[in-house]
Amino acid sequence: MSEDLHEAVLPEDTAGAVDREVAEFIRRGRDLHESGRFDKAIEEFELALALAGDNREAVLGHNRAVRRHVPRWHWEMLHDKERADLYDRAIRQVVRPDRLVLDIGTGTGLLSMMAARAGAREVIACEGQPAVAAVAEQIIHAAGHHRAITVVPKRSTAMRVPEDMPARADILITETIDCALLGEGILGTIAHAREHLLKEDALILPSAGRVFAQLVESDSLFRKNHVGDLYGFDLSEFNRLASLEYFDSRLRNHRWRPLSEPMEIFAFDFYRDGPEERRAEFVVSPTAEGRCHAIVFWFELDLVPGIGLTNSPGNPESHWKQAVQCLPDPLQVTPGEPLLLEARHDEASLHFTAVGMREATS
Ligand SMILES: C[S@@+](CC[C@H](N)C(=O)[O-])C[C@H]1O[C@@H](n2cnc3c(N)ncnc32)[C@H](O)[C@@H]1O
């Protein structure tokens, strides 16, 4: 019996009961959306859609919740050919049929499918956002890799062996990296995996990363986080709401001038380092006179020896923009007058403080 016919012969009170159920799922979905629980809202709208696939309120409600829950950068990231090609090359170098692969943060399932294509017979693909995990499962199935890949709809930090995977993995693959390297929590994620999900001699891809920073003069970057007098009004009070931490922006879209050489700020060894906070001080020698508006930073990532990725300003094609931390006020800098810069990172963030000017030493 076709679904249309089935609907047509439903007794009136059954149809009414279905309508009421749909309305209740939609109401619950809206309430959950209002309270910011977008993942739960998605589930309610999906229940409504299972009963009434063309219900416009359910379709729109579902899409609104999905848009809030699933970051838009997925698409730009997936089109970043350099990122995909380099991961693919690195994965082909390390995968062997007899190695159990764990892909943390599988998204669409892309890196897991690359591993399966490279010959892995068993891949565990975990994804912390259930709506994304459900789609990954479909993509993997349609690609014919479902026998090799098992999707686990969980954050890796909630996974255990043997409940979620048959044994500790031989290879970890992960791309849980934001423009400042740490923002998606890669340090804690890998440290947890080393302790609970990986063999002692497991291969970790990426193996290491470094963060570099540079002082820049750029009025237009500063304006992304500051206002003053505009249209005859003093709006500067609004700066109390400005970002104290980094945001992402593409340097090439701004007029900017370097005021220092790039400096290596932190280096991470993913075989060893954990999420513990670290602090470092740098004496920066300005290379030009100017007004320092911001500290711009980026990463270099070693996937395997010889294959690396960067979102440095010199690689404008990368979908990762640069990380930008605007100073509270522009700071005049001059060659010969070194600046003391403090950098701190915690599990998922990185922050700079321009501690002050230092007398030029020798
Ligand atoms: C930057 S995307 C990369 C997606 C995919 N690996 C790719 O390369 O196309 C990171 C994904 O990892 C997920 N994620 C981040 N940390 C995770 C964790 N600890 N466990 C499971 N999923 C995680 C996010 O929800 C997101 O979908």
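Residues numbered from 1 in each chain as written. Predicted model: local features only at pLDDT ≥ 70, side-chain atom pairs only at ≥ 80, totals over all residues. Heavy atoms only, no water.

**Q** Can you help me understand the overall build of the chain in this one?
**A** Summing up its helical and strand segments, the chain has ten helices and 17 strands in all. Dimensions of the chain, computed from C-alpha atoms along their principal axes, come out at roughly 90 × 65 × 30 Å. Buried residues in the chain amount to 47% of all 362 residues. Taking the contacts inside the chain whose residues are at least 6 apart along the sequence as the reference set, 76% of them involve residues at least 24 apart. (Helix = DSSP H or I, 4+ residues; strand = E, 2+ residues; numbered from the N terminus. Buried < 20%, exposed > 50% of the residue type's maximum accessible area, 1.4 Å probe, protein only. Contact = heavy atoms within 4.5 Å.)

**Q** I keep staring at the UniProt feature "domain: Protein arginine N-methyltransferase" (unreviewed entry) in the chain and nothing clicks. Help me out?
**A** Mapped onto the present numbering, the UniProt feature "domain: Protein arginine N-methyltransferase" (unreviewed entry) falls at residues 210–343. Helix and strand shares over residues 210–343 are 4% and 50% respectively, and the end C-alpha atoms of the span are 13 Å apart. (UniProt positions renumbered as here; feature names shortened; annotations may be inferred.)

**Q** Looking at this model, I keep getting lost on the pattern of salt bridges. Mind explaining?
**A** Once the charged atoms of two side chains with opposite charge are near each other, the side chains can pair. Counting across every chain of the model gives 21 salt bridges. With a closest N to O distance of 3.4 Å, Arg28 and Glu24 form a salt bridge. Of the two residues, Arg28 and Glu24 both sit in helix 2 (residues 12–34), four residues apart, roughly one turn of that helix. By relative accessible area, Arg28 is classed as partly exposed at 31%. The closest approach of N and O atoms between Arg210 and Asp302, which form a salt bridge, is 2.9 Å. (Salt bridge = Lys/Arg side-chain N within 4 Å of Asp/Glu carboxyl O.)

**Q** I would appreciate a short explanation of the pairing of strand 6 (residues 208–217) in the present structure.
**A** When a strand is regular, its side chains alternate between the sheet's two faces. Counting buried residues along strand 6, nine of its ten residues qualify, which places the element largely inside the surrounding structure. As judged from the six bridges shared by strand 6 and strand 11 (residues 263–269), these two strands associate in the antiparallel manner. Along strand 11, the bridge assignment pairs Ala213 with Met263. In this sheet, strand 13 (residues 290–304) lies alongside strand 6 in antiparallel orientation, the contact comprising nine bridges. The partner of Gly209 across the bridge, within strand 13, is Leu301. Bridge count for strand 6 against strand 10 (residues 257–258) is two bridges, and the pairing is antiparallel. Counted as the bridge partner of Glu217 is Arg257 from strand 10. (Pairing = 2+ DSSP bridges.)

**Q** What's the story with the site of the ligand in this structure? I'm lost.
**A** In the vicinity of the ligand there are 22 residues, among which Arg83, Gly105, Glu127, Gly128 and Ser156 approach most closely. Here Arg155 contributes a side-chain N or O atom positioned 3.3 Å from a nitrogen atom of the ligand. Within the side chain of Thr189, a nitrogen or oxygen atom sits 3.4 Å from a nitrogen atom of the ligand. Protein chains shield 97% of the accessible area of the ligand, which is 600 Å² for the free molecule. Counting residues per element, the ones that place at least two in the shell around the ligand are helix 5 (73–78) and helix 7 (110–117). When grouped by side-chain class, the residues that make up the shell around the ligand number seven nonpolar, nine polar and six charged. (Near = heavy atom within 4 Å. Polar contact = N/O pair within 3.5 Å; in protein donor to acceptor, adjacent residues only side chain to side chain. Areas by Shrake-Rupley, 256 points an atom, 1.4 Å probe, with all protein chains shown as cover. Nonpolar A, V, L, I, M, F, W, Y, C, P; charged D, E, K, R; others polar.)

**Q** I'm lost on the nonpolar core in this one. Help?
**A** Nonpolar side chains in soluble globular proteins generally cluster together in the buried interior. Ranked by size, the top nonpolar core spans 79 residues in total, and within it Tyr87, Leu102, Phe297, Leu301, Leu303 and Phe352 carry the most contacts. Broken down by element, the residue count for this core peaks at seven residues, all from strand 13. When residues of this core are assigned to domains, at least three fall in each of domain 2 (75–175) and domain 3 (208–357). Every residue in contact with Leu303, bar those within four places of it in the chain, is listed here: Leu86, Tyr87, Ala90, Ile204, Leu205, Pro206, Ser207, Gly308 and Leu309. (Core = buried A, V, L, I, M, F, W, Y, C linked by side-chain atoms within 4.5 Å. Domains from an automatic or database assignment.)

**Q** Is there a simple way to explain the domain arrangement of the chain in this structure?
**A** It is common to give the size of an interface as the accessible area lost on bringing the parts into contact. Assigned domains within the chain: domain 1 (3–69), domain 2 (75–175) and domain 3 (208–357). If you average the C-alpha positions of domain 2 and of domain 3, the two centres end up 32 Å apart. Listed as interface residues are twelve residues of domain 2 and, on the opposing side, eleven residues of domain 3. With both chains or domains summed, domain 2 and domain 3 bury close to 1000 Å², and 64% of this area falls on carbon and sulfur atoms. Joining domain 2 to domain 3, the criterion identifies one salt bridge. Among the salt bridges present, the one from Arg250 reaches Glu76, with a minimum N-O distance of 2.8 Å. Between the two partners, domain 2 and domain 3, sit three residue pairs in polar contact (both at pLDDT 80 or more). The dominant element in the side of domain 2 that touches domain 3, judged by the number of residues it contributes, is helix 6 (residues 81–94), at eight residues. Tallied by class, the residues present in the side of domain 2 that touches domain 3 amount to five nonpolar, one polar and six charged. (Buried area = accessible area lost by both parts, 1.4 Å probe.)

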